[in-house]
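Now for the letters of each chain:
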Amino acid sequence: MSEHKQINYDNYDPITFVPEPDNHGTKALWKTFVLLTVITIVDILLYFWLPTGMPKNITFIVLGVVKAAFIVYVFMHMTYEKTPLKYSIVAPMIFVCYLIMLILIEADFWNFLNH
Amino acid sequence: MSNTISTEKTWSGGRSPFNVSYGKLMMWIFLLSDAFTFSSLLVGYGAVRYSYPSPPEFKIEVFENVHHMFEEQGGFIETLQHQGIFSDAHWPSPDLVFNHFPFAHGVHLPLFFVSLMTFILIFSSVTMVLAVEAGQRLAKREVTKYMIYTIIGGFAFLGCQAWEWTMFITEGATLVGNPFGPWHFAALFFLVTGFHGFHVFSGVVLNIVVLVNNLGGTYERRGHYEMIEKAGLYWHFVDLVWVFVFTFFYLI
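Below is a summary of the structure that appears in this document. (Residues numbered from 1 in each chain as written. Chains lettered and ligands numbered in written order. Predicted model: local features only at pLDDT ≥ 70, side-chain atom pairs only at ≥ 80, totals over all residues. Heavy atoms only, no water.)

Observations regarding helix α1 (residues 27-49) of chain A
Reasoning step 1: With 23 residues, α1 of chain A should reach 33 Å at 1.5 Å per residue; the first-to-last C-alpha distance of 33 Å fits that figure.
Reasoning step 2: All of the buried residues in α1 of chain A are L29, T32, F33, L36, T37, I39, T40, D43, I44, L46 and Y47 of chain A. (Helix = DSSP H or I, 4+ residues; strand = E, 2+ residues; numbered from the N terminus. Expected span 1.5 Å × (residues − 1). Buried < 20%, exposed > 50% of the residue type's maximum accessible area, 1.4 Å probe, protein only.)

In structure tokens form, the structure reads like this:
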């Protein structure tokens, strides 16, 4: 992991500084690819198997978040970044959850007005 | 110089606290802002979708002969199978709207095409991350190879999306109305997939620039292939957004 690497900070220039590359091979990448493909196929199968309704929608959103997490953590190498950077990028997503909550309450009200 | 990293030393200047380069950190922050943009669009879609009732259950067997038939004047004649399926009172069922596949006209293939698009984008994401991995080993020829695969994947996805839009527009969908249900359905579809498609297009352009630089030996002279990682972050983000566009527009 990058924390244990010796980093040369002599003549540190914030604009040109680039840390040593952190190579982890291709095994995890192919595993993630298989996983993403399988989840997508499961998505399609569940679309035709599950009855219409909120539980079905929530299942798809959960599977979507799982796929997104694998893309961010493996493909975008978030696992190998330092903890403060991880939190700086992932934690603000809490605002999106808040927005979803607010907007669903609002949509429920539109529904009430229309029907 | 001591290599012991304490919190005090990490944040007291003279080093990169996150141990990333300036460009990569800025790319992450840009992607965060872009994630907010797409969240707003998708949450807006969710609000409109939630304010309409779900479509009634209606099963059409796969491979059955199904046509979306339309009048010249923009009216909608429903075929036998479609009677009562599409109405302004409820949201349309995506598997009955997006059931076309190239060279299989009139055959009911629900969500087959969009699954293919998803697969293309995921696979181009894999070739991109393989290019990043090759760059970390300073393997210039491999980087070139995988970047070319990624660009081909990007163009394939854009071509699929153009075909999808063409089918949708031919059947009468516009920004202000569509024969499938509430007008929001097509308007939001064009808005969000268009916005995503433009991101894919930008990503392809970025990848081509990176490929040309790599062929010119820019990164070889620079001594590191970090630019591939930055372009890769953007490309994976585009894939990530597609996961949600796919979930919300085609599954829910």
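Considerations on the nonpolar core
Reasoning step 1: Of all hydrophobic cores here, the largest spans 93 residues; its most connected members are F168, I228, W242, F249 and Y250 of chain B.
Reasoning step 2: The element best represented in this core is helix α8 (residues 226-251) of chain B, accounting for 18 residues.
Reasoning step 3: Residue contacts for Y250 of chain B: discarding those within four places in its chain leaves Y47 of chain A together with P94, F98, L111, V114, E164, F189, W242 and V245 of chain B. (Core = buried A, V, L, I, M, F, W, Y, C linked by side-chain atoms within 4.5 Å. Contact = heavy atoms within 4.5 Å.)

With respect to the interface of chain B and chain A
Reasoning step 1: Of the residues lining the interface, 65 residues belong to chain B; the matching set on chain A comes to 62 residues.
Reasoning step 2: Between chain B and chain A the total buried area reaches about 5,800 Å² when both faces are included, carbon and sulfur atoms providing 73% of it.
Reasoning step 3: When the buried area of chain B at its contact with chain A is split by residue, N19, W28 and Y50 of chain B rank highest and sum to 13% of it.
Reasoning step 4: At the boundary of chain B and chain A, one finds one salt bridge.
Reasoning step 5: We note a salt bridge from E81 of chain A to K24 of chain B, for which the minimum N-O separation is 3.6 Å.
Reasoning step 6: Every element with two or more residues in the side of chain B that touches chain A is listed here: α2 (22-50), α3 (94-97), α4 (112-136) and α8 of chain B.
Reasoning step 7: Tallying contributions element by element places α2 of chain B first for the side of chain B that touches chain A, with 15 residues.
Reasoning step 8: Here the side of chain B that touches chain A is built from residues that sort into 39 nonpolar, 17 polar and nine charged. (Buried area = accessible area lost by both parts, 1.4 Å probe. Salt bridge = Lys/Arg side-chain N within 4 Å of Asp/Glu carboxyl O. Nonpolar A, V, L, I, M, F, W, Y, C, P; charged D, E, K, R; others polar.)

Read these as geometric descriptors, not functional statements.
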